[in-house]
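What follows is the residue order along each chain.
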Amino acid sequence: MIVLGIETSCDETGVAVYASTHGLLADALFSQVDIHAAYGGVIPELASRDHIRKTLPLVKQVIAKAGIRNVDITGVAYTAGPGLVGALLVGAAIGRSLAMGWDVPAIGVHHMEGHLLAPMLEAEPPSFPFVALLVSGGHTQLVRVSGIGDYQLLGESLDDAAGEAFDKVGKMLGLGYPGGPHVAKLAQSGIEGRFEFPRPMTKRPGLDFSFSGLKTFVRNTIIEHANNNGELDVQTQADIARAFEEAVIDTMVIKCRRALQQTGLKSLIIAGGVSANTRLREVLETAMLKINGRLFYAQPRFCTDNGAMIAYAGCQRLLAGQSASLAIDAFPRWPLESLSAIS
Ligand code: KG4
Ligand code: ZN
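A. View of the sheet that holds strand β10 (residues 294-297). Taken together, 5 strands build an open sheet; the order of strands is β8-β7-β6-β9-β10 and the sheet is mixed. Since the sheet does not close on itself, it has two edges, and those belong to β8 (150-156) and β10, each with one partner. Between one strand axis and the next, the sheet turns through 25° on average, direction left out of account. The sheet contact formed by strand β7 (residues 140-147) and β8 spans 6 bridges and is antiparallel. By the bridge assignment for β8, Gln 141 is matched with Glu 156. Helix-sheet contacts for helix α8 (residues 234-263) involve β6 (130-135), β7, β8 and β9 (267-271), and the interaxial angle to β6 is about 155°. Lying over the sheet, helix α9 (residues 278-290) contacts β9 and β10, oriented at roughly 155° with respect to β10.

B. The site of ligand 1, seen in detail. Around ligand 1, the structure places 19 residues, and the nearest of them are His 115, Gly 137, Asp 167, Gly 273 and Asp 305. Within the side chain of His 115, one N or O atom sits 3.0 Å away from an oxygen atom of ligand 1. Between Gly 163 and ligand 1, the recorded distance is 3.1 Å, taken from a backbone N or O atom to an oxygen atom. Protein coverage of the free-state accessible area of ligand 1, which is 550 Å², stands at 87%. The greatest single-element share of the shell around ligand 1, amounting to 3 residues, is contributed by helix α5 (residues 162-172).

C. Spotlight on the coordination of the zinc ion (ligand 2). For the zinc ion (ligand 2), every protein donor is listed as His 111 (NE2), His 115 (NE2) and Asp 305 (OD), and the spread of their distances is 2.0 to 2.1 Å. Donor residues for the zinc ion (ligand 2) sit on one chain with the sequence pattern H-x3-H-x189-D. Taken together, the residues His 111 and His 115, both in helix α4 (residues 111-117) and 4 residues apart, mark about one turn of the helix. Judged by relative accessible area, His 111 falls into the buried class, the value being 7%.

What counts, and where the lines are drawn
- Residues numbered from 1 in each chain as written.
- Chains lettered and ligands numbered in written order.
- Predicted model: local features only at pLDDT ≥ 70, side-chain atom pairs only at ≥ 80, totals over all residues.
- Heavy atoms only, no water.
- Pairing = 2+ DSSP bridges.
- Helix = DSSP H or I, 4+ residues; strand = E, 2+ residues; numbered from the N terminus.
- Axes fitted to C-alpha atoms, helices over the stretch in contact; angles between N-to-C directions.
- Contact = heavy atoms within 4.5 Å.
- Near = heavy atom within 4 Å.
- Polar contact = N/O pair within 3.5 Å; in protein donor to acceptor, adjacent residues only side chain to side chain.
- Areas by Shrake-Rupley, 256 points an atom, 1.4 Å probe, with all protein chains shown as cover.
- Donors = N, O, S within 2.8 Å, 3.2 Å for Na, K, Ca; no water.
- Buried < 20%, exposed > 50% of the residue type's maximum accessible area, 1.4 Å probe, protein only.

Written as structure tokens, this is what we have:
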């Protein structure tokens, strides 16, 4: 099966072609970061309009790059949710219409299932069952994964998602948008141990997260150390970034260890934008070695939003005989656990 995948749930237009026999044939991405940077966050209407401009040219580009023709495509997958409804509708309308025109089946893919399965695109993919830590701009979830579509939610953030916390702290520190990669870069020059931030919800049992208190702690630390103009010196800025990153990562490591202990599993995958964080990977790698476990993740460009993960996830569901009706559906909210399992 050769599947065209289209991702338009937020501020990235991602398109890819995945072949069940040969793996990923081609992919392309257009990031809208420059469009939204001036506003410090995603403007939904601007996102939808740009997806309209970029999706079809990227589809043409990817098909050419894959060295195939339109008639070779045997299925179309598009992100159907969760995400920004206008942005989702662009990908759903284009994907569904292409499939109708080409007379092939289409499937609406759950964005977080796409992230969760992205490590499957790597040379040494994990095998089921495993625990997944999904950490993106909109979600922070720990999931027991028994197979594709067989998901048991173990814990999630009660307020901000991990990526959202990174982005808000980036904004407080006056860094560029999105904050995550900027905070991570700045943290590298921070002095270890100058600030010690709380590890939220780690002292009580359970696998839920909360990052809003930590965010307030960061804000108070900034106020305390800022000069009369409200500015921080460069070193203090880096030290705060480092302490924040360490606190988030430490919290995630504690919860991952707990989830593995609770489920008795030894394999952990991390997925979603925050899983591109180098320090998170290092610290989790060490933690997994200690328990004789294994850590899996996708290459950085497949951690953040991309078309390859949607093509892959859609291909698995199409191969299992699932497909969408002719309706163009988008689900801004869509619980991961409501998906159907495939055998
Ligand atoms: O998965 P993703 O691309 O989009 C959503 O589905 O939300 O995740 C984007 C999030 C943003 O909050 C971004 O700041 C964060 O992932 N992110 C990072 C890093 N790279 C991206 N956070 C921390 N460290 C990074 N290196
Ligand atoms: Zn995402």
